[in-house]
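Architecture and fold: a report
The lines below spell out each chain.
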Amino acid sequence: MKKTSKLWGKVLGGALILLLLIVAGALFYFKVYLPKTVAQRSFPQTSGEIRLSGLDGEANIYRDSMGIPHIYAESAHDLFFAQGYVHAQDRFWQMDAWRHIGSAQLSEMFGGAQVKTDAFLRTLGWRQTAEAEWEALNPVSKAILQAYADGVNAYLKDHDKTALSLEYAILGLLSPDYKIQEWTPINSLTWGKAMAWDLRGNMGDEIARAELLKVLTPEQVALLYPEYPEDHPIIVNQIGGTESFMVDSQPANLDYSAFNFDSVSQNAALLDPFLGPLGDGIGSNSWVVGGALTDTGMPYLANDPHLGIQMPSIWYQVGLHCIQKTDQCPFEVAGFSFAGVPGVVIGHNDRIAWGFTNVGPDVMDLYIEKVNPDNPNQYEVNGKWVDFETREEVIKIAGGKSETITVRSTRHGPVVSDTYAPTQDTDDTKNPDFIPFKDRVGGVDLPEQYVVALAWTALTPSTPFEAIWGFDKAQNWNEFRMAASQFHVPAQNLVYADVDGNIGYQMPGDVPIRKNGDGTLPVPGWTDDYEWTGFIPFDELPYTLNPKEGYIVTANNRVSPWDYPYLITKDWDYGYRAQRIVDMIQSAPGKIDKAYIQSMHGDSTDLNAASLLPTWKEINYAPTNKNESYALDTLTNWDYTCKADSQACAIFQQFWWHLDQNTINDDVPKRDQASGGAKDFETFRHLLADPNNFFWDDKTTKDVVETRNDMFIAALSQTVAQFEKEYGKDPAKWPQWGDLHTATFRNSTLGESGISLIEDLFNRGPFKTSGGQSLVNATGWDVGKSFEVDWLPSMRMIADMSDLNNSLTVHTTGQSGHAYHPHYDDMAPLWTAIKYYPMWWNPDSVIKDSNEHLILKP
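As the structure is a computational prediction, the values presented were derived from the model and not from experiment.

Observations regarding the state of the cysteines
Using the criterion set out here, one finds two disulfides in the structure. Disulfide partner of C322: C329, at an S-S distance of 2.0 Å. Taking the sign of the S-S torsion, -90° for the link of C322 and C329, the bridge is left-handed. Residue C322 is classed as buried on the basis of its relative accessible area of 5%. Exposure remark for C329: the relative accessible area of 2% places this residue in the buried category. Across a sulfur-sulfur distance of 2.1 Å, C642 and C649 are joined as a disulfide pair. Between C642 and C649, the S-S torsion sits near 90°, and that sign places the bridge as right-handed. Looking at C649, the relative accessible area reads 0%, which means it is buried.

Things to note about the sheet that holds strand β30 (residues 850-857)
Spatially, 11 strands are ordered β1-β30-β2-β3-β6-β7-β8-β9-β16-β17-β21 in an open sheet, and the strand pairing comes out mixed. Two strands lie at the open edges of the sheet, namely β1 (48-51) and β21 (543-545), each paired on one side alone. On average, each strand axis in the sheet is inclined to that of its neighbour by 15°, with strand direction left out of account. As paired elements, strand β16 (residues 492-498) and strand β17 (residues 503-506) share four bridges and run antiparallel to each other. Within β17, the residue paired with Y496 across the bridge is G504. In the packing of helix α2 (residues 76-102) onto the sheet, contacts are made with β1, β2 (59-64), β3 (69-73), β6 (316-322), β7 (332-337) and β30, and the angle to β6 comes to roughly 160°.

What to know about the environment of Q815
The topology assignment puts Q815 in the loop between β28 (808-811) and α25 (828-832). For Q815, a relative accessible area of 0% gives the class buried. Between the alpha carbons of Q815 and D639 there is a distance of 36 Å; along the sequence they are 176 residues apart. When residues no more than four places from it in sequence are discounted, the contact partners of Q815 are M66, G67, I68, P69, D90, R91, Y316, Q317, H823 and M827. Of note is the side chain of Q815, whose polar atom sits 2.5 Å from the backbone oxygen of Q317.

Focus on the packing of helix α13 (residues 465-473) against helix α14 (residues 477-484)
Across the interface, α13 lies against α14 with an axial gap of 8 Å and an inter-helix angle of 170°. By the angle class used here, α13 and α14 are roughly antiparallel. Contacts between α13 and α14 involve A467, G470, F471 and K473 from the former and E479, F480, A483 and A484 from the latter. In terms of residue class, the contact of α13 with α14 is made up of five nonpolar, one polar and two charged.

Looking at the sheet that holds strand β15 (residues 450-456)
Taken in spatial order, the three strands of this open sheet run β15-β10-β19, and their pairing is mixed. Two strands close off the open sheet at either side, each with one partner strand: β15 and β19 (523-524). Note: strand β10 (residues 364-370) against β15, seven bridges, orientation antiparallel. Each residue of the ladder has a partner; that of K370, found in β15, is Y450.

Quick notes on the rules
- Residues numbered from 1 in each chain as written.
- Predicted model: local features only at pLDDT ≥ 70, side-chain atom pairs only at ≥ 80, totals over all residues.
- Heavy atoms only, no water.
- Disulfide = S-S within 2.5 Å.
- Buried < 20%, exposed > 50% of the residue type's maximum accessible area, 1.4 Å probe, protein only.
- Pairing = 2+ DSSP bridges.
- Helix = DSSP H or I, 4+ residues; strand = E, 2+ residues; numbered from the N terminus.
- Axes fitted to C-alpha atoms, helices over the stretch in contact; angles between N-to-C directions.
- Contact = heavy atoms within 4.5 Å.
- Polar contact = N/O pair within 3.5 Å; in protein donor to acceptor, adjacent residues only side chain to side chain.
- Parallel < 35°, antiparallel > 145°, perpendicular 65-115°, else oblique.
- Nonpolar A, V, L, I, M, F, W, Y, C, P; charged D, E, K, R; others polar.

Shown next as structure tokens:
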């Protein structure tokens, strides 16, 4: 027996030693070998000479102190060839992942867990749309895309796997048979579809409104989705020359109480890990100030697009310079590009500057299609059964397997749901004002069997990149507008300035005109009553040149004046950021300079706090303990500024978290609960004036009807109790806002793996961050989820039209996509602190600041 025990002891001891060796080996592999050895293999050559087939002449690439390449070439072909080459040098993993999203081939990289995501993407048909776009492009556009693809492939020819990026070492463990394919122009075009989805509009709001109508009255839903406030700014205050007519903008009166939205919402959410969820944080700020208001006497143009937080930055900064500008080589431009796409998306050339914010037009409609109960392959159109259009898609999966799906489409677009029968009518007894659908008058019943089809302008072949290449070479306002007319989707607010002192704004895009309805709810698809009858003509879309105000502000707020004859959307951002920007321009202490614009970019004033906190004067509450007194005194004496070092902001945001959830969540379905953004800001502006409104009552309590004052007091008590529990009873130890509100930049593929050893290789942070949701410094977060930043200003740019070489900028992480490279995360501290670096323009300044000079030779 003793011998057996000793034997087992030796076995267990050996097993323990083996386990320790395995753990030690894993730690060495992930903590030492990958970052210290393998990562270095992917760092590209950035100095010296490289000979490449495919070039017509030399391309000189100077990288400045931030690692930003400035490319000089004698032909447009060589310029875009070199851009493709440097994109591949610095960001190929990002490019490879993006093209697999756009072509619905994620399963080839990451295995069977992505089959559902690929199936939904195949249903949307982004690649098919991009292929049709390629066929329709003119020869010049095709040449740009092909030259770019040739440049990418020139780099791939001599580099593979870990020589391209550290991520391929991890991918080799997950999908050892994965082979990197050549880049094609279609890979560039599909990224336009991904960005259109990222900025897609109100599909989620359509579903949410319909869900809410199951338990709320239309009037109550309208409080949760209020109209754009009349006291907030409009981008274009007056438009002339449009035909005066209005469509019927009433929503459909359909029985949404029996509607099942599960598969539509679940399918859309499949893309969230890769492209980010849609929320109030999405949008952007831009403004342009005319010379009469500036220190230089010439315009400043500022832009900070708000997109999902990610690693590396979504932007790749670059300068593209034809050594001699000619009709054949017309490009002299610098700014921000997407890795995977030729050209500069946002920036300036030698004559003009431009910036983007999202318009958010309603370009998506969900159609409820009536399915033939006797033949599920048919749906109804004006009283007749017609066949679904179908196609088979084969999804290849890492490891050699594949899965075949059938995609169905109707005349409106792809079917994005399962087939449903109506569910049980939901009569919510918590709401005394709710009238079940069966008791309403004039409604339309759901079909016996139905599916949901998506109509979306992005599924019609059109690419935004021809417009972008037009901006890159435009020399004046008219040429800029001509290029904008080619920008179909996603529609952007385009701000403009030029070296002649002009400022302007143009809204482009395909915005549908509806026969009936206002786009806020899913509509019956079995008749022509809710068809799109055309698009708003470009010449009748809002624009302005040199407005009398002397400035233009866009922050996803309402574009059109109140008497505009067309419906653009009912779901504008509510204009809190726009209002604050306008206030700062109008209250500038003197002539506006770049330092003042920097302070505007970093402004963290919370207008929601300014709206809510004065209510305490009406409540006249006597705190029940000293910490409640401390918290209330801190809030009521606060300046509403959410800097990272503000404890008052931390207390307020926790208070707002509780107030928003306590007021809204007990009255709505779980899927539609409070998120804390501008929509909720505006809802509460309405509710404050009605202390006994239905929403104030806490439906979880019995025999008590709460009022506004009760909910304010409860939220304060909860905040204090939570801080005492988590941080102690000494308020000096309570957190500052930056302790709660941090930015962690995560690789959108492997950085979300759930395996810390892998995530630590690629993710960077957390960084303490100022700002907040729907503030000018729009570092978004979500009530009910986390204070962690999920949307943010993805870059900040200030273009100085008096001297382009004095322009300033920053983006979020770094120019390089290579983990452990010196330029992988060197911008993050600057971004967090609202600091900038020069946006060099003059060749002498570029060369003086450059330590690296690479010559590409044929």
